[in-house]
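Commentary on secondary and tertiary structure
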Amino acid sequence: MDREVRVRFAPSPTGALHIGGVRTAIYNYLFAKKNNGKMILRIEDTDQTRFVPGAEEYIKDALEWIGIIADESPYAGGEYGPYRQSERKDMYAEYAQKLIDEGNAYYAFDTPEELDAMRERLKAARVATPQYNAITRMQMKNSLTLSEDEVKEKIASGEPYVIRLKVPHKEEIRLNDMVRGWVMVHSSAIDDKVLMKSDGMPTYHLANVVDDHLMKITHVIRGEEWLPSAPLHVLLYKFLGWEDTMPQFAHLPLLLKPDGNGKLSKRDGDKLGFPVFPINGVFPGKDGQPETFSGFREAGYLPDAFLNFLVFLGWNPGTEQEIFSFDELIDAFTIERIGKAGTKFDIEKAKWFNQQYIKSKSNQELGKHLIASLEENNVAYDPANVEKVCNAMKERVTFPQEIWTEGKFFFEAPTEYDEKVARKKWDATAVDVLSSYKEEVLKADTLTAESAKEILNNILEEKGVKIGQVMQSVRLAITGKGGGPDLMEIIEIVGAKNVSNRIQKAIEVLPVKE
Ligand code: GLU
């Protein structure tokens, strides 16, 4: 019988969610929806030492921003909760006990000093990777080397201990990864990983496997950095008797720096001049000073554009199509089309996606962004103009805030003028034409783009001047710039009175070319 597809995104609240993590969440979501399955959000917060207040909230907000809402989570609830590992503590102890009872795990009482001494000893004996394993465990202080009574006594007296996995000495562990194909690891390469820490909390490995099993996860889709842990997880499934329902693994390729040299790290954002986090955030830093980091949302990326961009960092549909709606992505997404190689991060591509999405937005929707900018900057505006401005600007901007920053002239008279254009074009003919134009526009009943054009044409005809001779000067007087959206539309939006005043001011301040 086919099981219902259930995937999970399992972040640790140890800081801001990097865009690589966001991509993992999106792939999980797409895979779940494509297969009529469920996506689970599980907070892996068992490492108390790395817990960062606010990080869980950040993860939730970032995912909500792009519309990734898990079917089951600490917020949505679900049949398989709780969905925070710190609230599931007792469940892990039970399975650790089972592993011990069946001889697949053991208590270890070694102090940090004793562990250091072991490593030093092995290093001195030229062992390349000194580790606690099938060979060294027999020289250490654990329930395999101590008598049963000694072990009981130590536990009863409250001596700190951990529980370690007893990794078999010689065994080949294989797994068939959906992205990487067959992965084979010899058990001698794996150390006796700690499963339960001395604070009674499970480590990532135990908690992750137990939860994936109890939550009936069918596919584990996660970052490539977890591939080395996968064989260990396979061993755990085997020891716990869960092999039959072991999830399938899909380890996603890394996101690389733009030059392809190494992994895109959390610290790259500030250095490379673009965000590596979905949204802005502030967390308490190590030295007590708050640490801030910037996100795509605040830089002006639209959530659907950002999502579309991220999906393409590692996946492709096998066709030329790049712009996909959410539903189209769900429809097209398959794990088979995820590449094995790391993907270079390309911020220019992110901008391109944003531009495409802005172009396709309604003027009404873009208007919301424009109104926000206008209000933030205390600019008075006629609400009737908002959508017209968006319409005029949307082909020309990469970010919504640029409708304001690049289109200020719709709302405010220019305070400076493009010097090059002024030097080249602002001559006596232009001033003559504009002197008439500033009077004539005031006479129109309603100044529309059409009537503004007609008035100008009449003046040009009368004076025997070609339009190309003065057009840039008209634009310069009204906008301060040498280029931009359709000038007659600008004139309509700016209005007769303002147009007239702006021309008057330009005539006063601009030196006329000899
Ligand atoms: N808690 C792990 C992380 O932070 C989850 C890895 C996994 O998906 O197994 O990435």
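Our structure is the block above this text.
Residues numbered from 1 in each chain as written. Predicted model: local features only at pLDDT ≥ 70, side-chain atom pairs only at ≥ 80, totals over all residues. Heavy atoms only, no water.

Before going further, it helps to examine the overall build of the protein chain. Of regular secondary structure, the protein chain possesses 21 helices and 13 strands. Computed over its C-alpha atoms, the radius of gyration of the protein chain comes to 32 Å, more than 25% above the 24 Å expected for a compact globule of 514 residues. Taken along the three principal axes of its C-alpha coordinates, the protein chain extends 110 × 50 × 35 Å. Taken across its 514 residues, the protein chain has 48% of its residues classed as buried. In the protein chain, once contacts between residues fewer than 6 apart in sequence are set aside, the share between residues at least 24 apart is 73%. With the model as given, the accessible surface of the protein chain reaches about 25000 Å², and the carbon-plus-sulfur share is 48%. Taken together, the 66 basic and 80 acidic charged side chains of the protein chain have centroids lying 4 Å from each other. (Helix = DSSP H or I, 4+ residues; strand = E, 2+ residues; numbered from the N terminus. Rg over C-alpha atoms; globule rule 2.2 N^0.38 Å. Buried < 20%, exposed > 50% of the residue type's maximum accessible area, 1.4 Å probe, protein only. Contact = heavy atoms within 4.5 Å. Areas by Shrake-Rupley, 256 points an atom, 1.4 Å probe, with all protein chains shown as cover. Lys, Arg positive; Asp, Glu negative; His and termini not counted. Charge placed at Lys NZ, Arg CZ, Asp CG, Glu CD.)

This paragraph deals with the site of the ligand. The local shell around the ligand consists of Arg8, Ala10, Ser12, Glu44, Tyr204, Asn208, Arg222 and Trp226. Here an oxygen atom of the ligand sits 2.7 Å away from a polar atom, N or O, in the side chain of arginine 8. For the ligand, the protein covers 84% of the area, taking 290 Å² as the surface of the free molecule. Looking at the shell around the ligand residue by residue, the class counts come to three nonpolar, two polar and three charged. (Near = heavy atom within 4 Å. Polar contact = N/O pair within 3.5 Å; in protein donor to acceptor, adjacent residues only side chain to side chain. Nonpolar A, V, L, I, M, F, W, Y, C, P; charged D, E, K, R; others polar.)

Looking now at the packing of aromatic side chains. Scanning the entire structure with this criterion turns up 28 aromatic pairs. Seen from their ring centres, tryptophan 315 and phenylalanine 324 are 6.1 Å apart, and the 80° between their planes marks the pair as edge-to-face. Of the two residues examined, tryptophan 315 and phenylalanine 324, each falls in the buried class. For lysine 154, the ring lying beneath its charged end belongs to phenylalanine 109, and the centroid distance is 5.7 Å. (Phe/Tyr/Trp six-rings, centres within 6.5 Å; stacked < 30°, edge-to-face > 60°. Lys NZ or Arg CZ within 6 Å of the ring centre and 35° of its normal.)

Spatial relationships are all this shows, so hold off on functional conclusions.
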